[in-house]
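Chain residues, written in single-letter form:
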Amino acid sequence: MVNFSLEGKIALVTGASYGIGFAIATAYAEAGATIVFNDINQALVDKGLASYKEKGIEAHGYVCDVTDEDAVNKFIAQVTEEVGVIDILVNNAGIIKRIPMHEMSAAEFRQVIDIDLNGPFIVSKAVIPHMIKKGHGKIINVCSMMSELGRETVSAYAAAKGGLKMLTKNICSEYGEYNIQCNGIGPGYIATPQTAPLREKQADGTPHPFDSFIIAKTPAARWGTTEDLMGPAVFLASEASNFVNGHILYVDGGILAYLGKQP
Ligand code: NAP
Ligand code: GCO
């Protein structure tokens with residue numbers, strides 16, 4: 001029988017106090033996993049713990065900045081001691097800065113690369129030795145439409161998410177022999193706080209132009225919800241995907257396949 005269960009597994013989802021990470025962690029808990037998450041400050045971790053509790057999930061929350069290698073190494077050691085060896089890692093924590101490239105400072109560019117690309121490298125590097133010792137592991141990197149496409153004002157984010165796609169393929173290549181599967185999940189345009197500015201109604205109450213644009217570019221003719229990601233994320237974390245490796249599973253309502261509705 002195909003095994004989609006995560007019973008007995010320990011899952012770490014980074015930046016998972018809310019948003020996509022929270023939905024993925026919730027799906028993993030529903031599939032039987034023990035949930036560990038981190039966020040950038042105690043207030044967010046406390047908010048996340050309360051939100052998980054409301055869903056009946058006793059999550060383990062930690063403050064950790066994914067760009068700080070010393071902090072990450074201490075965090076992973078603490079989780080391993082207090083909860084157990086991580087079986088599933090989801091590199092979800094991320095930011096975006098929407099600035100025309102010629103107006104973006106090098107520091108702003110570096111910050112996006114640091115969190116969205118260096119962070120997944122740092123956390124994966126800390127977790128992989130434990131997965132090798134345990135004889136299995138699942139790493140899921142949260143990629144993006146911008147792993148495949150560009151658009152105005154998101155140069156740093158696209159560079160990071162494009163790099164994250166190739167980091168995914170390289171972890172697959174380097175660690176597949178240890179029964180570690182590394183795949184990406186590529187959400188389309190999902191309604192979360194990160195995309196709220198793109199969906200805000202205009203002063204006259206009409207839709208944001210970008211909102212209408214995405215609807216026209218999506219065959220499903222709607223924004224995705226975090227719930228749309230839950231099933232695909234469970235598949236990639238479960239034994240059902242043990243021969244899927246180095247793949248980016250796009251959950252985008254068909255955007256990447258579609259030229260867009262004729263105006
Ligand atoms: P979000 O609502 O902004 O949540 C991101 C989470 O990561 C927040 O809790 C954030 O904390 C945390 N974070 C930021 N920097 C961190 C750091 N250095 N260390 C630890 N945690 C950190 O974003 P989202 O929409 O849920 O997106 C989650 C992931 O999906 C991101 O990687 C994003 O790029 C990706 N994604 C989103 C969409 C979409 O349409 N929403 C589509 C494709 C991919 P703060 O609250 O302090 O920022
Ligand atoms: C943007 C959006 C996108 C989404 C997502 C799409 O400004 O274009 O924020 O980048 O966050 O990454 O997959």
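Residues numbered from 1 in each chain as written. Chains lettered and ligands numbered in written order. Predicted model: local features only at pLDDT ≥ 70, side-chain atom pairs only at ≥ 80, totals over all residues. Heavy atoms only, no water.

Draft legend 1. Seen up close, the site of ligand 1. With respect to spatial proximity, 28 residues lie near ligand 1, and among them Tyr 18, Asp 39, Asn 92, Tyr 157 and Thr 192 are the closest. Taken by itself ligand 1 offers 890 Å² of open surface, and the protein chains cover 90% of this. (Near = heavy atom within 4 Å. Areas by Shrake-Rupley, 256 points an atom, 1.4 Å probe, with all protein chains shown as cover.)

Draft legend 2. Summary view of the packing of aromatic side chains. Within the structure shown, the criterion is met by eight aromatic pairs. Through pairs of rings, three or more aromatic residues link up here, namely Tyr 189, Phe 210, Phe 213 and Trp 223. Lys 47 extends its terminal NZ or CZ atom over the ring of Tyr 18, reaching a point 4.1 Å from the ring centre. One Lys or Arg, Arg 199, reaches over the ring of Trp 223 and ends 5.4 Å from the middle of that ring. (Phe/Tyr/Trp six-rings, centres within 6.5 Å; stacked < 30°, edge-to-face > 60°. Lys NZ or Arg CZ within 6 Å of the ring centre and 35° of its normal.)

Draft legend 3. Structural context of the sheet that holds strand β3 (residues 60-63). Reading across the sheet, the seven strands line up as β3-β2-β1-β4-β5-β6-β7 and stay open at both edges, with parallel pairing between neighbours. With partners counted over all chains shown, the strands left at the sheet margins are β3 and β7 (248-251), one partner each. For this sheet, the mean inter-axis angle between neighbouring strands, taken without regard to orientation, is 20 degrees. Of the strand pairs in this sheet, strand β1 (residues 10-14) and strand β2 (residues 34-39) are connected by five bridges, and their pairing is parallel. Its bridge partner lying in β2, Ile 10 is registered against Thr 34. (Pairing = 2+ DSSP bridges. Helix = DSSP H or I, 4+ residues; strand = E, 2+ residues; numbered from the N terminus. Axes fitted to C-alpha atoms, helices over the stretch in contact; angles between N-to-C directions.)

Draft legend 4. Seen up close, unusual backbone geometry. With a phi close to 65 degrees, Asn 179 is a non-glycine residue in the positive phi region. Structurally, Asn 179 is set in the loop between α5 (155-175) and β6 (180-187). Of note, the phi angle at Ala 221 is positive, near 55 degrees, even though the residue is not glycine. Here Ala 221 lies in the loop between α6 (209-217) and α7 (230-237).

Draft legend 5. Up close: the nonpolar core. Judged by nonpolar contacts, the single largest core of 32 residues is most densely connected at Tyr 28, Ile 35, Tyr 52, Ile 88, Val 90, Ile 140 and Ile 185. For this core, the secondary-structure elements that each account for two or more residues are β1, α1 (19-30), β2, α2 (42-54), β4 (88-91), β5 (137-142) and α7. With seven residues, α1 is the single largest residue contributor to this core. In terms of nonpolar packing, the next biggest core, distinct from the first, is built from 30 residues, Ala 126, Cys 143, Leu 164 and Ile 248 among them. (Core = buried A, V, L, I, M, F, W, Y, C linked by side-chain atoms within 4.5 Å. Buried < 20%, exposed > 50% of the residue type's maximum accessible area, 1.4 Å probe, protein only.)

Draft legend 6. Spatial organisation of the packing of helix α4 (residues 106-134) against α5. Viewed as axis vectors pointing N to C, α4 and α5 meet at an angle of 15 degrees, and their least axial separation amounts to 8 Å. As the angle between them shows, α4 and α5 are arranged roughly parallel. Handedness of the crossing formed by α4 with α5: right-handed. Taken together, the residues of α5 that come into contact with α4 (itself represented by Phe 109, Val 112, Ile 113, Asp 116, Leu 117, Pro 120, Phe 121, Ser 124, Ile 128 and Ile 132) are Ser 155, Ala 156, Tyr 157, Ala 159, Ala 160, Lys 161, Gly 163, Leu 164, Leu 167, Ile 171 and Tyr 175. Classifying every residue of the contact of α4 with α5 by side-chain character gives 16 nonpolar, three polar and two charged. (Parallel < 35°, antiparallel > 145°, perpendicular 65-115°, else oblique. Left-handed = near helix turned anticlockwise from the far one by under 90°. Contact = heavy atoms within 4.5 Å. Nonpolar A, V, L, I, M, F, W, Y, C, P; charged D, E, K, R; others polar.)

This is a description of form; function is not addressed.
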